[in-house]
Structure formats: structure tokens, C-alpha cells
Amino acid sequence: MPDQRTKVAVIGGGWAGLAAAVELTAAGIDTTLFEAGRVVGGRARTVSIDGRKLDNGQHILLGAYRETLALMRRLGADPERLFERRPLQVIEPDGFHLALPRWPAPLNVAWGLLTAKGVGLREKLATAWWMEGIKAKKFQLDNDTTVAAWLDAAGQTGRLRRHLWEPLCLAALNTPAEQASAQLFANVLRDSLGSARRADTDLLLPRVDFGQLLAEPARDWLLAHGAEIRTGTRIEELAAGEHGVDIDGCRFDGTIIATAAQHATKLWPALTARYDYEPIATVYLQFGAKTGLPFPLINLAGKHGQWVVDRGNGLLACVLSGHGAWESLDDGALAETLQAELGLGEKASWQKVIREKRATLSARPGLLRPGCSTAHSRVFLAGDYTWADYPATLEGAVRSGLRAARRIIDRELAPAW
């Protein structure tokens, strides 16, 4: 067990930093969490706009997010109460519809493919055969390539490609299929549609704002268990030496840098990797309280709009992922365009656009990503960009934070190290 006097700083209060801080504190380590913003949660937090509580962006969780769900339970945030769990469905306005039944895996996926509306039987069988081949290879590609090239080589050129694989790729990797890593997409399929657990394919749709899922429970848990949280504190200088790490003049025995990649390189210049980024915009549209979608998540498949999330009481959240023509539209024009694409015949009474210009890494083939360790034994990294098995996801962020904390715990840090 680590010495009670061991002091560790976690820099960054997103989901990676929160996961790390909880793990360290639970192990008896004196933990201080630094967050530059006014609230914790990072890119998955609640913001107050016009007297409303909104999510900084829409994040769709899956049943496969095992570490995230386990962390929520640990904090007293019951996923069964906070999420609406639904079997995966992909619905488009042009009649395409794929729905998985509540059957054991892999029968649920097989039946969903075979009964998909708007797709011919030959294409369904070819897709099922292709998926079996991927499973036989344990979702490992011989060489990484783009998702588009991977689908081309497999003969996946029909409606399932346009209405299932490409939209799922964009949603999961935040990178268009023409540019996205096929291996990362295969990893996502492995742990969702290819999983042996039926529950892994479920959609988890939040019943509450995102802050109540993990950020606020983690904050409350940390404070109740003796950790220190310093919000509104941007770290300017980090110097690691033989006997400790100095962070803006305060000495710690070790640190976890859990910021976004572009901020981590400023704190730790030895982290030389530079990345391209993809944006995400969320367009909130308030309609009448009785306005809703036939399913809480629909693929809009418009010229600009991609996914639409029904947040209840007439509030719809339209999601636009990755670079595209939508970026050239100002907020007003973008909101008006999406209203037209929704085709509800009703004008929104309120609208708000939230843009994240650097929402995720651009998940391209051969992307080099750092792991948890650095060249210095007292400095560790966490963040979705460090979890190389996944694209930039909340689950990857949580896993990376837990991994970094466990490295410190396993070393049984002491002030003398």
C-alpha cells in the first residue's frame, strides 16, 4: 500500500483525470486535482446557457463502456437510473432501418442484419459472411488502411455501407471513412457488434445532463474522501527532478498529465507528437414539448446533419462530426439548415450551437500515440489520445486514467521514491 504521505498531482479534470484521481485517492494517496476550467468534466461536461443546463457536446455511450460504468457505480451514480438502455437501432428518413433484438449475442446482430429494411438479401448475406471473417481474424487487419479502402476490398459497397458502416465510423471515430483508420474501426466493432455480450451493443442514452453522469459524482466523491480539487487553475510550469515534481512552485512526488494532447505538449515538451484534429458541433433546437423522434437517436443523413438525439420535452440535439461544409456556416445559418433537414414543419422557438474545434484526434491510419509512461519515472500521461486501442472516446479516457493511476500505485510511491 502506498505511503499515506505520498502526494500526487493530477493535471486536468476531464474524465481521464477524474478516473485517475479517484483511483489514487481510493489507494490512500494524497491527491490534488488541477483543472483550468471552472468545473470538472472536460469535453463531456454540463454548461449553463440562457438559463438552461446543456451538455457541452453529445456523447453516445454503449454497453461496452465497462470501465466507465464500473466507475460510475463506484461513485454512487447508478447507470440503470441515469441511462435509458436501448438495443441498437439505426433509423434513417429514407426507410433504412436496422434494429437488434434483445437476444443473446451473436444472434442479435445476425437477426438485425437479416431483417434490416431497405437492403437486399444478397447484400445481407455477404455482410454476415464478411463479419464472420473479421471475427475469425480476431478483428486484426494485416495492414492498417482507411475504412473506405477496407470496405472496398471486402465488396461492402451497397446500402449497408452507406447507412450503417460509414455513419458508425463517423460517429465512433469522428473521422470520415475516406480518412479514418480501419484498424481503429475494427477495434470498435470488436467490442460492440462483435462482442460475445449482448449488453455491449446497447445504446445508453442519458436521462440527465452529462455532468450528473460522472463529473459531479466524481467531484463529490473526491472531496468526501479527502482529495483537493483546484478549479480555475491553469498550470504554467512543471519541472520533474530526482526527488519530486515541482508544479508552479509546489512539490509533489509524482504527477499525471491528463489534459488534452495540445495542452500536454506545452507542459511536457518531451511529448513531441503533433496531431491533426476533428471538430464536432452540437446544434440544440427547442420545439414544442410534444415534439419528438420515433427513436431517441436517428441518423439524419442530410447534406449537413448526421445524428439527431431526442433529449425530451421537444429539445433535439443535432450532431455534426468531422470536417465538412457545415464549418463554413455561421451559427444562425447552421441552425436554420438543420431545421430544414429535420423537416418537422415546425419552427424552433430557441436554438444554440456549441462548437468544439479540437474535439478529437483525427483517427487516421498509422496514427502514432504515446502510452502512459514518459522518459521520467515520476511523470505519467492520461487522456483519450493515449489509449491507442480506441479512437478518442470517453471509455478510452477513463481507461487511460485508471491505467496511469495504477502505475503509480504499483510503484508504491513514497516521497523519496
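If you're wondering where the values come from, they're calculated on a predicted model, not measured in any experiment.

Rules used throughout
- Residues numbered from 1 in each chain as written.
- Predicted model: local features only at pLDDT ≥ 70, side-chain atom pairs only at ≥ 80, totals over all residues.
- Heavy atoms only, no water.
- Salt bridge = Lys/Arg side-chain N within 4 Å of Asp/Glu carboxyl O.
- Buried < 20%, exposed > 50% of the residue type's maximum accessible area, 1.4 Å probe, protein only.
- Helix = DSSP H or I, 4+ residues; strand = E, 2+ residues; numbered from the N terminus.
- Arc of directions from axis to C-beta.
- Contact = heavy atoms within 4.5 Å.
- 1 Å grid on protein atoms, 1.4 Å probe; cavity = no way out; pocket = protein on both sides within 12 Å on 5 of 7 lines; lining within 4 Å.
- Points joined across faces, edges and corners; volume = space filled by probe spheres on them.
- Nonpolar A, V, L, I, M, F, W, Y, C, P; charged D, E, K, R; others polar.
- Phe/Tyr/Trp six-rings, centres within 6.5 Å; stacked < 30°, edge-to-face > 60°.
- Lys NZ or Arg CZ within 6 Å of the ring centre and 35° of its normal.
- Core = buried A, V, L, I, M, F, W, Y, C linked by side-chain atoms within 4.5 Å.

### A closer look at the pattern of salt bridges
1) Next: Per the counting criterion, the structure on display carries 22 salt bridges.
2) Next: Connected through salt bridges with shared partners, the residues Glu23, Arg74 and Arg406 form a single ionic network.

### As for helix H4 (residues 107–114)
Given 3.6 residues to a turn, an α-helix orients residues that are three or four positions apart in the same direction.
1) Next: Residues of H4 that are buried: Asn108, Val109, Gly112 and Leu113. Seen along its axis, H4 keeps its buried residues to an arc of 130°; they face one direction.
2) Next: Elements that come into contact with the buried residues of H4 comprise strand S8 (97–99), helix H5 (121–136) and helix H7 (159–173).

### A few points about empty space enclosed by the protein
1) Next: Here the structure, examined in full by the defined rule, presents 2 cavities of 30 Å³ or more.
2) Next: The space that makes up the largest cavity amounts to roughly 60 Å³.
3) Next: Lining the largest cavity are Arg43, Ala260, Ala261, Gln262, Tyr277, Arg358, Thr360, Leu361, Asp384 and Tyr385.
4) Next: If you list the elements that add at least two residues to the lining of the largest cavity, you get helix H10 (261–267) and strand S19 (350–361).
5) Next: With 3 residues, the single largest contributor to the lining of the largest cavity is S19.
6) Next: Per-class residue counts for the lining of the largest cavity are 5 nonpolar, 2 polar and 3 charged.
7) Next: For the second largest cavity, the calculated volume is near 40 Å³.
8) Next: If you trace the second largest cavity, you find it lined by Leu88, Leu98, Leu100, Val109, Leu113, Met131, Leu164, Trp165 and Leu193.
9) Next: At the level of elements, H4 and H7 are the ones that each hand at least two residues to the lining of the second largest cavity.
10) Next: When grouped by side-chain class, the residues that make up the lining of the second largest cavity number 9 nonpolar, no polar and no charged.

### What to know about the packing of aromatic side chains
1) Next: Applying the stated criterion across every chain yields a total of 6 aromatic pairs.
2) Next: Ring geometry for Trp103 against Trp111: centres 5.3 Å apart, planes inclined by 35°, an arrangement best described as tilted.
3) Next: Under the relative-accessibility criterion, Trp103 is labelled partly exposed at 37%.
4) Next: A centroid spacing of 5.5 Å and a plane angle of 75° characterise the contact between Trp130 and Trp165, whose relative ring orientation is edge-to-face. Note that Trp130 is positioned in helix H5 and Trp165 in helix H7, a separation of 35 residues in sequence.
5) Next: For Trp130, a relative accessible area of 11% translates into the label buried.
6) Next: Taken together, Trp130, Trp150 and Trp165 form an aromatic cluster joined through their ring pairs.
7) Next: The residue whose ring lies beneath Lys7 is Phe252, and the NZ or CZ to ring-centre distance is 5.3 Å.
8) Next: Its end group placed over the ring of Trp350, Arg52 keeps NZ or CZ at 4.0 Å from the ring centre.

### Description of unusual backbone geometry
1) Next: In this chain, Ala105 is followed by Pro106 through a cis amide linkage whose omega measures 5°.
2) Next: Along the chain, the position of Pro106 falls in the loop between S8 and H4.
3) Next: Residues other than glycine seldom take positive phi values, yet Asn313 does so here, at roughly 55°.
4) Next: If you trace the backbone, Asn313 turns up in the loop between strand S17 (307–310) and strand S18 (315–321).

### Observations concerning the nonpolar core
1) Next: Counting 119 residues, the largest nonpolar core has Trp165 and Ile256 as the members making the most contacts within it.
2) Next: Those residues in contact with Trp165 that sit more than four places away from it in its chain are Thr127, Trp130, Met131, Leu151, Gln156, Leu160, Phe185, Leu189 and Leu193.
3) Next: Among the nonpolar cores identified, the runner-up in size contains 20 residues, and Ile257, Leu271, Leu381 and Tyr385 belong to it.

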